[in-house]
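As a plain string of letters, each chain reads:
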Amino acid sequence: MSFKTVVRSLQTLSYVGSYRKIRDRPYKFYCAAVLGTGYIAYSQMKRNKAEMKEIIQLKNYMAEPITPLSELEKNQDDMKTQMELLIMRIQAEFCRALEKEEDQAWEDEKTADDYDFDNDVFLPSPEAKFKVDRWTRKEGGGGITCVLQDGRVFEKAGVNISVVHGKLPPAAVQQMRSRGKNLQSSELPFFAAGVSAVIHPRNPMVPTIHFNYRYFEVQDKDGVQWWFGGGTDLTPYYLSEEDAVHFHLTLKHACDAHDPSYYPKFKKWCDDYFTITHRGERRGVGGIFFDDVDYPSQQEAFEFVTSCAEAVIPSYIPLVQRHKDDAYGYHERQWQLLRRGRYVEFNLIYDRGTKFGLHTPEARYESILMSLPLNA
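None of the values given here were measured: they were computed from a predicted structure. (Residues numbered from 1 in each chain as written. Predicted model: local features only at pLDDT ≥ 70, side-chain atom pairs only at ≥ 80, totals over all residues. Heavy atoms only, no water.)

> Can you walk me through helix 9 (residues 312-323) in this structure?
Residues that lie three or four places apart on an α-helix share one face, since the helix turns once every 3.6 residues. Between its first and last C-alpha, helix 9 extends 17 Å over 12 residues, near the 16 Å set by a 1.5 Å rise per residue. Among all positions of helix 9, only Val312, Ser315, Tyr316, Ile317, Leu319, Val320 and His323 are buried. (Helix = DSSP H or I, 4+ residues; strand = E, 2+ residues; numbered from the N terminus. Expected span 1.5 Å × (residues − 1). Buried < 20%, exposed > 50% of the residue type's maximum accessible area, 1.4 Å probe, protein only.)

Here it is in structure tokens:
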């Protein structure tokens, strides 16, 4: 008897034995098995769909990734790679959404019938597009800074990503220790990747939005410590309760998809964090803010951050569309400039990200201070 025949015989006996066991089980067992199999297949499909979002798609990014493509392709399961591809995608999607509002504003300004010129004359429309600056740092990594200025809708819009690594200087380590991080040395190897944006609209009736989502790894003698942080917050100059409700509900839905306790906890954290202490003022109407998230697992924390980052466009763009053509005058503009001054005060005095950036070796100040408005 050949080896293949023996194997085939054993497989047949195994199948028959398994069939007899299953045949003797009650009907409910079959239903449970079918439902269980269906749930597993559905869960796997959702996970595969989420993972497929972060495939390398160079033509859609604002610039080439900071990490070499060969390294990204080789380490696709590494969280550092997943985070870099996520922030590249979020940056590009948000920049395109803002540019679309600028294009629409110029299209709505005047039509060909409004001008007095011959039909064979071509009248170009002014364009407000993001200027892209891809930069690197000697110590390791770099970033992509995208800035749009002097647009019809946005006076200044900055959307920045950074992917940096190197040694944490003592000042940055001390800042993390003050937040309760148990770091064992004064200089530590680190990796940080994040996307950050601040949008200053021209019309005072359109609120300013800020968001930042980041991932951090530190290597010390106990191994690798990792965590996520970030948030999205809204700063209106003139309060619209309808806008605030829409904004918060969008963020709440993103949080609730992962854990119902996240939104109330991170909303309070946001309210407390974005406070200008020396003036006794909140910076805006809040949103969500969190730091040091290293639970329930690395992949689940990443999926939560992904949902929050993807909620930015639906939370903000409808507000831009609703108010970008509202009427305003001199007094509304002066109030807007005064409130922008408060925004600058918070970022330069209290903002954790600004402080960390200024303490990082080979810091690129243009990117760190990207959040400042043109006028305040």
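> Whenever I open this one, the pairing of strand 4 (residues 188-201) confuses me. Can you help?
Regular strands place side chains that alternate from one sheet face to the opposite one. Among the 14 residues in strand 4, 13 count as buried, and that is most of the element. In the sheet, strand 3 (residues 154-168) pairs with strand 4 via 14 bridges, with the strands oriented antiparallel. Bridge pairing in strand 4 places Gly158 opposite Val198. Pairing geometry for strand 4 and strand 5 (residues 208-220), over 10 bridges, is antiparallel. Within the sheet, the bridge partner assigned to Val198 lies in strand 5 and is His210. In this antiparallel pair of consecutive strands, strand 4 and strand 5, the connection spans 6 residues. (Pairing = 2+ DSSP bridges.)

> Teacher, can you tell me more about the sheet that holds strand 9 (residues 286-293) here?
Strands pair in a sheet through their backbones, by hydrogen bonds, and they do so in one of two ways: parallel or antiparallel. Ordered in space as 1-2-3-4-5-6-9, the 7 strands form an open sheet in which the pairing is antiparallel. On the outer flanks of this sheet lie strand 1 (131-136) and strand 9, each paired with one strand and no other. Across this sheet, the average inter-strand angle for adjacent strands is 5 degrees, counted without regard to direction. With 13 bridges joining them, strand 5 and strand 6 (residues 223-235) adopt antiparallel strand pairing. What sits directly across from Thr208, in strand 6, is Thr235. Contacts between helix 9 and the sheet are confined to strand 3, strand 4, strand 5 and strand 6, with strand 5 contributing the most and set at about 160 degrees to the helix. Sheet contacts for helix 10 (residues 330-349): strand 3, strand 4, strand 5 and strand 6; angle to strand 4, the most-contacted strand, approximately 170 degrees. (Axes fitted to C-alpha atoms, helices over the stretch in contact; angles between N-to-C directions. Contact = heavy atoms within 4.5 Å.)

> Looking at this structure, how should I read the packing of helix 6 (residues 241-256) against helix 9?
Helices that pack against each other are described as a pair by the angle of their axes relative to one another and the distance between those axes. At a minimum axis separation of 8 Å, helix 6 and helix 9 run at an interaxial angle of 160 degrees. Relative to helix 9, helix 6 is oriented roughly antiparallel. Handedness of the crossing formed by helix 6 with helix 9: right-handed. On the side of helix 6, the interface is formed by Glu242, Asp243, His246, Phe247 and Thr250, while helix 9 contributes Pro314, Ser315, Pro318, Leu319, Arg322 and His323. Tallied by class, residues from the contact of helix 6 with helix 9 come to 4 nonpolar, 4 polar and 3 charged. (Parallel < 35°, antiparallel > 145°, perpendicular 65-115°, else oblique. Left-handed = near helix turned anticlockwise from the far one by under 90°. Nonpolar A, V, L, I, M, F, W, Y, C, P; charged D, E, K, R; others polar.)

> Is there a simple way to think about the environment of Gly284 in this case?
Looking at where Gly284 falls in the secondary structure, it is placed in the loop between strand 8 (281-282) and strand 9. Between the alpha carbons of Gly284 and Arg339 there is a distance of 9.7 Å; along the sequence they are 55 residues apart. Filtering out sequence-adjacent residues up to four positions away, Gly284 remains in contact with Leu234, Thr235 and Pro236.

> I would appreciate a short explanation of the confidence of the model for the chain in the present structure.
Caution applies to low-pLDDT regions: their predicted coordinates should not be interpreted in detail. On average, residues of the chain carry a pLDDT of 84, and 75% of them reach 70 or more. Across residues 121-125 the pLDDT falls below 50, and counting only partners more than four positions away or on other chains, this stretch makes 2 contacts in the model. (pLDDT = per-residue confidence, 0-100.)

> Sorry if this is basic, but what is going on with the environment of Glu242 here?
Following the sequence through the fold, Glu242 ends up in helix 6. Here Glu242 falls in the exposed class, since its relative accessible area comes to 56%. Note: C-alpha distance between Glu242 and Leu319 (77 residues apart in sequence) is 9.5 Å.

> Just to check I follow, could you spell out the pairing of strand 9 for this structure?
Counting buried positions over the 8 residues of strand 9 gives 8, a clear majority of the element. In terms of strand pairing, strand 6 meets strand 9 through 6 bridges, oriented antiparallel. Across the sheet, Gly230 pairs through a bridge with Phe290, a residue of strand 9.

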